[in-house]
Amino acid sequence: MPSPWMVAGDFNSIVEPEEKKGGRIHSMSKSLPFINCIVGSGLMDFGYCGNPFTWCNGWAYSKRIWARLDRALVNSEWLQNFPDTSVVHLVRNGSDHAPLLISTANNQWEPKKYFRFLDFWTEQEDFLKVVEQAWNTIGNIVDKIKELQNRLAEHEDRCLNDNSECNRMEYNNVRLPRVIGEDDNLTLEAIPTMNEVKQMVFSMSSSSSPGPDGLSGKFFHHCWDIIAKDLYDVILDFFFGSELPRSFTYTCLVLIPKIDNPNNTLILGPLA
């Protein structure tokens with residue numbers, strides 16, 4: 001059985017024109033011996049993270065040349081035995097070559113996996129039955145959590161005796177410029193009806209982007225008869241003074257690299 005092999009270091013050659021910047025246009029005929037050696041040895045370029053170039057001649061900017069002369073080559077047995085290998089191009093320091101940091105340990109953190117509602121589920125025969133059973137279970141859990149929160153709040157109020165309502169009222173009575181009229185305020189404070197909530201829910205696109213809970217507009221449309229009461233109760237709780245759970249304002253943030261092989265967060269574009 002062949003042994004796992006890794007060959008790494010300065011090969012003083014590149015394998016494609018993109019691995020060189022500056023100077024004369026690279027002739028691929030100069031790279032053919034190196035490429036043939038890689039292929040004939042049953043090796044492959046492992047890839048890397050970081051700066052695309054590992055060498056610089058250090059000359060004046062108009063004559064400066066960058067190239068990827070250093071790399072790690074492995075065979076298929078290496079990939080099978082060390083699947084978590086990583087190669088990172090570090091910053092040059094005191095040399096014209098950048099050091100390669102090679103690790104065989106798994107340094108990748110496990111990303112959080114979000115639930116995603118798939119629209120085709122609504123076409124399954126027992127879909128609504130499954131949702132109803134699950135929704136009722138979730139409702140019981142929420143009730144228990146809410147009861148626990150109420151008990152903690154009562155205990156906290158007994159402990160904070162010096163935080164009187166009078167002091168809070170004086171603080172809240174600080175005069176601020178009025179920007180909302182009485183009519184506007186009455187409209188904002190009006191308790192919405194079930195029909196109004198339904199109109200807002202069904203005004204959402206069925207293909208709307210889901211939040212962290214993974215539920216799209218299609219879920220709310222298709223399961224309205226099951227979730228309507230609970231959803232309306234949550235809205236009424238808010239209008240009667242209850243605080244919204246912090247999770248209501250959560251969002252999923254994905255960092256999209258603007259270039260290949262990014263090496264810092266400044267070149268990652270956020271996408272919510």
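**Student:** Tell me about the side chain of H221, residues and numbers included.
**Tutor:** Within the secondary structure layout, H221 lies in helix 7 (residues 217-222). Here H221 falls in the buried class, since its relative accessible area comes to 17%. Separated by 3.3 Å, the side chain of H221 and the backbone oxygen of M204 make a polar contact. Non-local contacts of H221, meaning those with residues more than four positions away in its chain, are made with V201, F202, M204, S205 and S206.

**Student:** How would you summarise the environment of S216 if you had to cite specific residues and measurements?
**Tutor:** Mapped onto the elements of the fold, S216 is located in the loop between helix 6 (194-202) and helix 7. Residue classification places S216 among the buried residues on the basis of a relative accessible area of 6%. What S216 contacts, discounting residues up to four positions off in sequence, is F117, D119, S206, S208 and P210.

**Student:** Tell me about the environment of V234, and name the residues and values.
**Tutor:** Mapped onto the elements, V234 comes out in helix 8 (residues 224-239). Taking C-alpha positions, V234 is 8.5 Å from L244, a pair spaced 10 residues apart along the chain.

**Student:** Outline the sheet that holds strand 6 (residues 66-67), listing residues and values.
**Tutor:** Strand-to-strand pairing in sheets goes through backbone hydrogen bonds, with the strands running parallel or antiparallel. Spatially, the three strands line up as an open sheet ordered 2-6-5, and their pairing is antiparallel. Edge positions in the open sheet fall to strand 2 (20-21) and strand 5 (55-56), since each of these has one partner strand only. By the bridge criterion, two bridges tie strand 2 to strand 6 in an arrangement that is antiparallel. Residue pairing in the sheet places K20 in a bridge with A67 of strand 6.

**Student:** Summarise the sheet that holds strand 8 (residues 86-89); cite the residues concerned and give the values.
**Tutor:** Spatially, three strands are ordered 4-8-9 in an open sheet, and the strand pairing comes out mixed. Edge positions in the sheet fall to strand 4 (49-50) and strand 9 (100-103), since each of these pairs with one other strand and no more. Of the strand pairs in this sheet, strand 8 and strand 9 are connected by four bridges, and their pairing is antiparallel. Across the sheet, residue V87 finds its bridge partner in strand 9, namely I102.

**Student:** Account for the packing of helix 6 against helix 8, with residues named and values stated.
**Tutor:** When two helices pack together, their arrangement is given by the angle between their axes and by how far apart the axes lie. Put simply, helix 6 and helix 8 touch, their axes get as near as 11 Å, and they point 115 degrees apart. Judged by the angle between their axes, helix 6 and helix 8 are roughly perpendicular. Relative to helix 8, the crossing made by helix 6 is right-handed. Between helix 6, through M194, V197, K198, V201 and F202, and helix 8, the contact on the second element is made entirely by W224, A228, K229, L231, Y232 and I235. When the residues that make up the contact of helix 6 with helix 8 are grouped by side-chain class, the tally is nine nonpolar, no polar and two charged.

**Student:** Would you mind going over the packing of aromatic side chains in detail, with residue names and values included?
**Tutor:** On inspection of all chains with the given rule, the structure shows seven aromatic pairs. Between F219 and F220, the aromatic rings sit 5.5 Å apart at their centres with planes inclined by 85 degrees, giving edge-to-face as the arrangement. Take F219: its relative accessible area is 6%, and that puts it in the buried class. Judged by its relative accessible area of 17%, F220 is buried. The ring centre of W66 lies 5.1 Å from the NZ or CZ of K21, which sits over that ring. Across the ring face of F202, the terminal group of K198 is positioned such that the distance to the ring centre comes to 5.7 Å.

**Student:** Help me get a handle on the nonpolar core, residues and values and all.
**Tutor:** Inside soluble globular proteins, nonpolar side chains tend to come together where they are buried. Counting 14 residues, the largest nonpolar core has F127, F219, F220 and C223 as its most contacted members. Those elements that place two or more of their residues in this core are helix 3 (127-159), helix 6, helix 7 and helix 8. For this core, the leading source of residues is helix 8, giving five residues. Counting six residues, the second-largest nonpolar core is a separate cluster that includes M6, Y48, V74 and V87.

**Student:** Break down unusual backbone geometry for me, with residues and values.
**Tutor:** Its identity as a non-glycine residue notwithstanding, N12 has a phi of 55 degrees, on the positive side. Its relative accessible area of 62% is what places N12 among the exposed residues.

**Student:** Which residues make up the confidence of the model for the protein chain, and what are the values?
**Tutor:** Per-residue pLDDT for the protein chain has a mean of 80; in total, 79% of the residues score no lower than 70. Mean pLDDT values over the elements of the protein chain span from 48, in helix 4 (residues 165-172), up to 95, in strand 7 (residues 70-74). Ignoring residues within four places in sequence, the model shows residues 170-177, a span with pLDDT below 50, making zero contacts including any to other chains.

Cut-off values and rules
- Residues numbered from 1 in each chain as written.
- Predicted model: local features only at pLDDT ≥ 70, side-chain atom pairs only at ≥ 80, totals over all residues.
- Heavy atoms only, no water.
- Helix = DSSP H or I, 4+ residues; strand = E, 2+ residues; numbered from the N terminus.
- Buried < 20%, exposed > 50% of the residue type's maximum accessible area, 1.4 Å probe, protein only.
- Polar contact = N/O pair within 3.5 Å; in protein donor to acceptor, adjacent residues only side chain to side chain.
- Contact = heavy atoms within 4.5 Å.
- Pairing = 2+ DSSP bridges.
- Axes fitted to C-alpha atoms, helices over the stretch in contact; angles between N-to-C directions.
- Parallel < 35°, antiparallel > 145°, perpendicular 65-115°, else oblique.
- Left-handed = near helix turned anticlockwise from the far one by under 90°.
- Nonpolar A, V, L, I, M, F, W, Y, C, P; charged D, E, K, R; others polar.
- Phe/Tyr/Trp six-rings, centres within 6.5 Å; stacked < 30°, edge-to-face > 60°.
- Lys NZ or Arg CZ within 6 Å of the ring centre and 35° of its normal.
- Core = buried A, V, L, I, M, F, W, Y, C linked by side-chain atoms within 4.5 Å.
- pLDDT = per-residue confidence, 0-100.

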